[in-house]
Each structure stands twice: as C-alpha cells, then as structure tokens.
There are 2 protein chains.
Amino acid sequence: MATLVVGSVAFDNVKTPFGTAENVLGGSATYFSVAASFFSPVNLVAVVGEDFSRQHERIFRKHDVDLRGLQRTPGKSFFWWGEYNGNMNECRTVDTQLNVFADFSPRIPREYQSSEFVFLGNIHPRLQREVLKQVRRPRLIAMDTMNYWINNTPGELRQTLKLVDMLIINDNETRMITGEHNLVRGAEKILTMGPKTLVVKRGEYGVAMFRKGSIFAAPAFPLKRVFDPTGAGDSFAGGFVGYLASCRSLTEASIRRAVVYGSVVASFKVEDFSLRRLTRLRRSDIEGRFKAFQKLMRFDSALGNGR
Amino acid sequence: MATLVVGSVAFDNVKTPFGTAENVLGGSATYFSVAASFFSPVNLVAVVGEDFSRQHERIFRKHDVDLRGLQRTPGKSFFWWGEYNGNMNECRTVDTQLNVFADFSPRIPREYQSSEFVFLGNIHPRLQREVLKQVRRPRLIAMDTMNYWINNTPGELRQTLKLVDMLIINDNETRMITGEHNLVRGAEKILTMGPKTLVVKRGEYGVAMFRKGSIFAAPAFPLKRVFDPTGAGDSFAGGFVGYLASCRSLTEASIRRAVVYGSVVASFKVEDFSLRRLTRLRRSDIEGRFKAFQKLMRFDSALGNGR
C-alpha cells in the first residue's frame, strides 16, 4: 500500500556540539519519505529548485520513493539553518529561506490519487485541504502542523482538522492548539476537533498516543549519544504511517506497534547528521531495535506474591 | 518483611494553582512510610518537635508504621514552605526551617536492627552511613540524596554510594553527580560507583531504571489534574521498596513491577494535598491502576503482517 506525503524538501545547515553539516538534504517530506520507505512505497509531492541534483534524486530512488510528484522550479530550494545548544534541548534558527517553497501549490499526479495512506506534512492548512480535494477518500489521513499555523491561521487549521483521522504533533503544539497545559485534557479537546487519534511527540521522553478510551505511552529509545535531532519528528511520522500502510490494518494493536516502529526509526535518525544513518539502515536493524523496545517496556503482573 | 526508613517528618505549607494547604504533614520519611505501608510494615526513624501531636501519630499508626524509632525533641519540627507556578513544573521554596532536624542523629532501635529492606532518605551522607553501622546486613539498601549533598559533601556521598544497592534520584541529580548530560552515560557512571540499580525519577515523564545490561522505562500515569506534586518522589520510593519487601524477591521481573507499583502510588499522591489521597487509598485502587499501567504500556509484536 503506497503512502502519499506532501511537504518540504529542503537543504539544511546544522550545527550540533558534535559537528557541522552544510547544505545537507533535509525537510519534513524528505525525512518522512525515507523513514516510511522501510515499510511501504512512498509517493512524494514537494517542490525543489535547481540546486536539487541527480545525486539527491538518487537518494530517494534508492529508497523506492516515487518522484513523479516532485515539482522542479527555477530558483533555490527551501533552506534552513539551525544550531543546537550544548545540551541539545534547544535549537536556534539562524536562517530560513523559503525560496521556491513560498509559492508551493501541491499538485497530486493522477498515479498518486488512489494512495490509501496520506500524510499532510507541515504546510499551510489550506494547502493541506487542497491535497485532500485531489485524492479519492484514503483509508487514513494523518497530518502535522506547527506553531506558525496555530497562531496565524487558526480558523484554517480548524477546518483541516475536521477532515483528518490522525494528528501527529509535539506536546507544545498540543498546548497551543487547545490552551490546556495538561496533556490529557488537551488531548481530549483535540479528539473533539476531528482527529480520532492524537500522537504527541515528546522528544527525549518519547510519545503519548490518545484515542477515545485509550492512552498508549512509549519512551524514547535510550541512546548514549544524540548526534542531530533534526528530522526526528518527521522520521517518527514516516515510520508510523509507513508501518500502518504496510500492515494495512488500523486496529489498536497495529497503531500501537506503529508508534514503536516510528520511535525506532526516529532513534536511528538522530544518531547522525541528515539522512546519513537512515540511508545505511537495514530492515533487520529496525526489527532488532523493535525487540529492544519490547525489552525496555516489558513488565508482567505477579503470580502469587511475585516470587 | 519490614522496611526501615530514615528521613524527615515535617510540616509543610504548600501553594498550588488549585489551592493552599498550611501546616500539613510532610517530609520524605512521611511520604515514604505511608506509601510503603500498602505493601509491607514500616519501621520509621525520624525526629519531630513538640508540634507533632497524637493526631499526627494516629495517621502513621493507622498505616501500620512503627513509631518506636521516632525521636521527640523540644522545639519545632522541620518546616518547609513551597509554591508551585501555574504549570506546576517549577516549585519556589519560600522558607525552610530545619528546627529539630538540624541536630538529627539517627538511632536505630534494637527491634529495627534486623530490617531486611532499608531506605536511607535524603539526609547527610555521613548520617546515612551511621544508619548502616547500626543494622545487620539487610537484603536491600536503597538511598536518596539531593543537590545540597552532591555539591557540598561529594566525598561523603561517594563513600555512602559504595555501600548501597540502589540509588533513587531524579534526572537532574543524576547529571549533577556524574557531570554527564546524557542519561545513559550518566547511569553507566553511577553503576560503577556502588549501586547495582539506578532509578531515575523524571516527574511527569515517568521513571527510567538502569541496571547492568538492562534498561526499563515506564511513563508517569497520565492524569487530568496534578493537584500537588509534593512528596511524589518519596511516595514512588515508598511504593517501590515496600513492594520489593512484600514480595521478598529481587529478580529483574520483581524490580520492574516495583517501579510500576511505585509509579502507581506516586500518581495517587499528586491527586490531592499532603497525605489526603494516600490516607483514603485502598489496595484495590492500587491494583486497579497497576492494571491500567499495563494497558498504557502494552504492545505486541505482529504475527505475519499484523492483520
């Protein structure tokens, strides 16, 4: 089952306490695509400029990402420059240049229109709805958003939320959308706005997933070194939706497994700059860490007094 | 199997966004004792002043806490005044009066000396060793500490760490002791200092437990309202050690269950001021929330492709 993703393909400058990477491939749709590709074929819709070369193309093609929806436009691709502080818990944006992304208008190729799993990356909520108008009703629509749209286009965001099955955002965005500091109350509010599932990304503390009558919480995989967190959230979303597309199942059990697979892929992503770790990743690495997650979270109830 | 706890019994003023409580029973050994009492008898060693009344005694006795080790001294009991900010993620100490606690010298009654489970609450690390000199080798020694001792008596703390089986502290204290921001690396360092088990309390994000070759991570129980976090960490430790004492088992499986039982008791503690929720708590409430924790954390691996 193919997954359709619409979002940004960008070039990043990233500085962390461990080093610097310049002009490396980034963007939400990039991380999502490569992460999802370990589980299912991916149909990518994004826009790039003339700086996007055959070499960059090869990275996507190697991962079975369909590029027929990739628009090429005169000019430069979206550019982002971020620097992390010593503890990696804060990122300062040094520069953002929207470039060709400023006029991005997603056009969904005919071949993509029956994609059964759709991920609306972090773009204007009106554009997210434009995407939905161009596809046949998919089995699953998931979306991301960010503080910019929450603050500046709250009405548009509300309209889009009504149309989606899942919202995948971080804890701070949950608070901003709902005005609730308490995550459980915030989640309850969001579940009245449209999405049946809210997945809250909490960085080094893992993920909490809220559905009617059920909460699932998974820690982040404990790592000795977080090298570069850029794209971790998008890699989570890619592993999450990609896994669901691969198993074609939307039961509670499948969705919980998808949270863990998403967390697994995100944990690999942060081990190196840009896509470096993900492009070396094998499916067996993913299964190995999935098993490690089981060990990390497993406990049983006592028989008798626990001896 | 009785649990011996040495620490503070105090009176607190607490202000949260939900209200104010004045001169309520608090202190690390108080929360620990009542929390542990749901699982095993508790032997308490602490010091109180003349403001500690028969009414306060009754609270402990009702919970099967032995008070023969409670020293009564002329003067006032330890007093603490704290105010939480609107998001409950910061606590400002308005006032601390050590009072009779300033000269506390733990004397372990003969009847307590064969306690097989010992918890050294957050007191001077030299006093923690004095306690150990007065007991026969217990099956388990667990301890707590705080930033004050980490900064001001690091050598004493190192000596005490060599003598204990488990260290139960928060993430910031782990970083302070080891100088490592990364929790996994910090934990590895601590496991070379004496303790075979490190339990890291992460507040609303739950608990991570590190042992040689194994990590266990449990989220905090998702609550719609955190009313008063005071004593949550001590209640966790009480539930944790109390459960281990009750099942007399120190296997990995038992210790993981103990983490969950500790988390359960802490989650009840924060639902009201002081001991108000814990003194109304029944064992069946605890078992109910233990089951809810299982539901919160459970996921299975797929058979076939997950359908």
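Residues numbered from 1 in each chain as written. Chains lettered and ligands numbered in written order. Predicted model: local features only at pLDDT ≥ 70, side-chain atom pairs only at ≥ 80, totals over all residues.

A. Up close: the relation of the copies chain A and chain B. Rotating chain A by 180° and translating it 0.0 Å along the rotation axis places it on chain B, where the RMSD comes to 0.0 Å. Here the copies are linked by what is in effect a two-fold axis. (Least-squares fit on C-alpha atoms with pLDDT ≥ 70 in both.)

B. Seen up close, helix α6 (residues 171-178) of chain B. Residue and element names in this part refer to chain B. Every buried residue belonging to α6 is among E173, T174 and I177, and all of these are buried. Buried residues of α6 fall within an arc of 105° about the axis and therefore sit on the same side. A positive phi of about 70° marks G179, the residue just after α6. (Buried ≥ 20, exposed ≤ 12 C-beta atoms within 10 Å, placed from the backbone. Helix = DSSP H or I, 4+ residues; strand = E, 2+ residues; numbered from the N terminus. Arc of directions from axis to C-beta.)

C. Fine view of the sheet that holds strand β10 (residues 166-170) of chain B. All names here are of chain B. Overall, mixed pairing links the nine strands, which are arranged β5-β4-β1-β8-β9-β10-β11-β12-β13 in an open sheet. One side of each edge strand has no neighbouring strand; the edge strands of this open sheet are β5 (65-72) and β13 (214-218). Averaged over all pairs of adjacent strands, the angle between their axes in this sheet comes to 15°, without regard to strand direction. With four bridges connecting them, strand β8 (residues 117-120) and strand β9 (residues 140-143) associate as parallel partners. Each bridged residue has a counterpart across the sheet, and for F117 the counterpart in β9 is L140. Seen against the sheet, helix α7 (residues 183-190) touches β10, β11 (197-201) and β12 (207-211) and runs at an angle of roughly 140° to β11. (Pairing = 2+ DSSP bridges. Axes fitted to C-alpha atoms, helices over the stretch in contact; angles between N-to-C directions. Contact = placed C-beta atoms within 7 Å.)

D. Spatial organisation of the interface of chain A and chain B. Facing the 35 residues of chain A at the interface are 35 residues of chain B. Contributing elements (two or more residues each) for the side of chain A that touches chain B: α7 (183-190), β13 (214-218), α8 (232-247), α9 (252-269) and α11 (283-297) of chain A. Tallied by class, the residues present in the side of chain A that touches chain B amount to 17 nonpolar, 10 polar and eight charged. (Nonpolar A, V, L, I, M, F, W, Y, C, P; charged D, E, K, R; others polar.)

E. View of the packing of helix α1 (residues 28-36) of chain A against α8(A). Residues and elements named next belong to chain A. Interhelical geometry of α1 versus α8 gives an angle of 40° and a closest axis separation of 7 Å. Here α8 runs oblique to α1, going by the angle between their axes. α8 is crossed by α1, and the crossing has right-handed handedness. Each of S28, Y31, F32, S33, V34, A35 and A36 in α1 lies in contact with α8, whose residues at this interface are D234, S235, A237, G238, G239, V241 and G242. In the contact of α1 with α8, the residues fall into seven nonpolar, six polar and one charged. (Parallel < 35°, antiparallel > 145°, perpendicular 65-115°, else oblique. Left-handed = near helix turned anticlockwise from the far one by under 90°.)

F. Quick look at the confidence of the model for chain A. Predicted confidence across chain A gives a mean pLDDT of 96, with 98% of residues reaching 70 or more. Listed scores for the predicted complex are pTM 0.96 and ipTM 0.94. (pLDDT = per-residue confidence, 0-100.)

G. Molecular detail of unusual backbone geometry. Phi at D64(A) is positive, roughly 60°, even though this residue is not glycine. By the element assignment, D64(A) lies in the loop between α2 (54-62) and β5 (65-72). Residue class for D64(A) comes out partly exposed when judged on the 15 C-beta atoms lying within 10 Å of it. In this model, S274(B) sits at a positive phi of 50°, which is unusual for a non-glycine residue. Within the secondary structure layout, S274(B) lies in the loop between α9 (252-269) and α10 (283-297). Judged by local crowding, S274(B) falls into the buried class, with 22 C-beta atoms found within 10 Å.

H. Quick look at the sheet that holds strand β12 (residues 207-211) of chain A. Residues and elements named next belong to chain A. Taken in spatial order, the nine strands line up as β5-β4-β1-β8-β9-β10-β11-β12-β13 in an open sheet, and their pairing is mixed. A strand with exactly one partner marks an edge of an open sheet, and here the two such strands are β5 and β13. Each strand of the sheet is rotated relative to its neighbour by a mean of 15°, with strand direction disregarded. As defined by bridge partners, strand β4 (residues 42-48) adjoins β5 across six bridges and the pair is classed as parallel. What sits directly across from A46, in β5, is L70.

I. Representation of α9(B) within the structure. Spanning 18 residues, α9(B) covers 26 Å between terminal C-alpha atoms, matching the ideal 26 Å at 1.5 Å per step. Taken across its 18 residues, α9(B) has 14 buried, putting it largely inside the fold. (Expected span 1.5 Å × (residues − 1).)

J. Looking closely at the environment of A302(A). Its location among the elements puts A302(A) in the segment after α11. Accessibility expressed as a C-beta count within 10 Å gives 17 for A302(A), which makes it partly exposed. With 171 residues separating them along the chain, A302(A) and V131(A) place their C-alpha atoms 51 Å apart. Excluding residues within four positions of it along the chain, A302(A) makes contact with C247(B) and R257(B).

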